[in-house]
Amino acid sequence: LDMELTICQVVRYMNQVESMKAIQQAIEYYNLTQYNLVTHAMAKANGGQPEAKPGKAQLLADCKHAQERVGAEGLTYCYMATTIFVGGATRQEVKRNCDTVVTALENKKFNATRERLNVGPAFAALQPGQWATQSRYDLISVENVADSYPLYTMDEGSRTHKYFSK
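Since the model is a prediction, treat every value here as computed from it, not as a measurement.

Student: Where do I start with the layout of surface pockets in this structure?
Tutor: Which parts of space are left empty comes out when a probe the size of a water molecule is rolled across the atoms. Size it by volume and the largest pocket reaches roughly 1,600 Å³. Surrounding the largest pocket, 42 residues form its lining, T82, T83, I84, L105 and T113 being those nearest its centre. Of all the secondary-structure elements, those providing two or more residues to the lining of the largest pocket are β1 (5–13), β2 (77–86), α4 (91–107), α5 (119–124), β3 (138–141) and α6 (142–148). Per-element tally for the lining of the largest pocket: the top contributor is α4, with eight residues. For the lining of the largest pocket, a count of residues per class yields 23 nonpolar, nine polar and ten charged. Of the volumes computed, that of the second largest pocket is approximately 270 Å³. Looking at the second largest pocket, it is lined by 14 residues, and the ones nearest its centre are D62, C63, A66, Y77 and L139.

What follows is the structure, given as structure tokens:
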């Protein structure tokens, strides 16, 4: 993209026990929310089984699969937040740049959220040492984190730097 922007990734790694606990909390959440109260009451009144909300059943199955992978493969999970700060000389330029970034992310199948309520903590998290202020995290596997790191590379690079190695 031809613009100035700042990308900040905050990652909180977890061990296997913490990963299992986080996934178990998600499983409990989706178990409780896959049926809405009205559907559940109607099904019980008719002597039938309630029908799960379309996406909730799939999310519950995904969580159970993730839990199996933690146990069987030793895969761990982490909480991750990625903040992209877009600037511009005028309000119109900022809006245009935001639209461009959101479009580029969505074209690559990423979910982009324009912060309004969380803008203060998200901006503060861009500052060194202030990462604890970030309040919006996603639970993802370390496999996905490794794929999204901008510094992930197979090339180890040079062992010296022309300014910082002397």
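Picking up after the structure, the text goes on.
Student: Would you mind showing me how to read α4 here?
Tutor: Residues separated by three or four positions in an α-helix point in the same direction, a consequence of the helix having 3.6 residues per turn. When the terminal C-alpha atoms of α4 are compared, their 24 Å separation across 17 residues agrees well with the 24 Å that a helix rising 1.5 Å per residue should span. Restricting attention to buried positions, one finds in α4 the residues N97, V101 and V102. Take α4 and look down its axis: the buried residues cluster within an arc of 130 degrees, on one side only. Across from the buried face of α4, at angles greater than 90 degrees, the exposed residues are Q92 and N107. Buried residues in α4 make contact with β1 and β2. Positive phi shows up at K109, right after α4, with a value of about 70 degrees.

Student: Sorry if this is basic, but what is going on with the sheet that holds β1 here?
Tutor: Two pairing modes exist for strands in a sheet, parallel and antiparallel, and in both the strands are linked by backbone hydrogen bonds. Here we have three strands laid out as an open sheet, ordered β1-β2-β3, and antiparallel in their pairing. The open sheet has two edge strands, β1 and β3, and neither has a second partner. With strand direction ignored, the average angle separating the axes of adjacent strands in the sheet is 35 degrees. Lying on the sheet, helix α1 (residues 16–33) is in contact with β1, β2 and β3; it crosses β2 at an angle near 75 degrees.

Student: What's the story with the confidence of the model for the protein chain in this structure? I'm lost.
Tutor: Should the pLDDT be low somewhere, the predicted coordinates at that spot are not to be read in detail. Taken as a whole, the protein chain shows an average pLDDT of 83; of its residues, 92% reach a score of 70 or greater. Per-element averaging of pLDDT across the protein chain places helix α2 (residues 37–45) at the bottom with 78 and α1 at the top with 92.

What counts and how
- Residues numbered from 1 in each chain as written.
- Predicted model: local features only at pLDDT ≥ 70, side-chain atom pairs only at ≥ 80, totals over all residues.
- Heavy atoms only, no water.
- 1 Å grid on protein atoms, 1.4 Å probe; cavity = no way out; pocket = protein on both sides within 12 Å on 5 of 7 lines; lining within 4 Å.
- Points joined across faces, edges and corners; volume = space filled by probe spheres on them.
- Helix = DSSP H or I, 4+ residues; strand = E, 2+ residues; numbered from the N terminus.
- Nonpolar A, V, L, I, M, F, W, Y, C, P; charged D, E, K, R; others polar.
- Expected span 1.5 Å × (residues − 1).
- Buried < 20%, exposed > 50% of the residue type's maximum accessible area, 1.4 Å probe, protein only.
- Arc of directions from axis to C-beta.
- Contact = heavy atoms within 4.5 Å.
- Pairing = 2+ DSSP bridges.
- Axes fitted to C-alpha atoms, helices over the stretch in contact; angles between N-to-C directions.
- pLDDT = per-residue confidence, 0-100.

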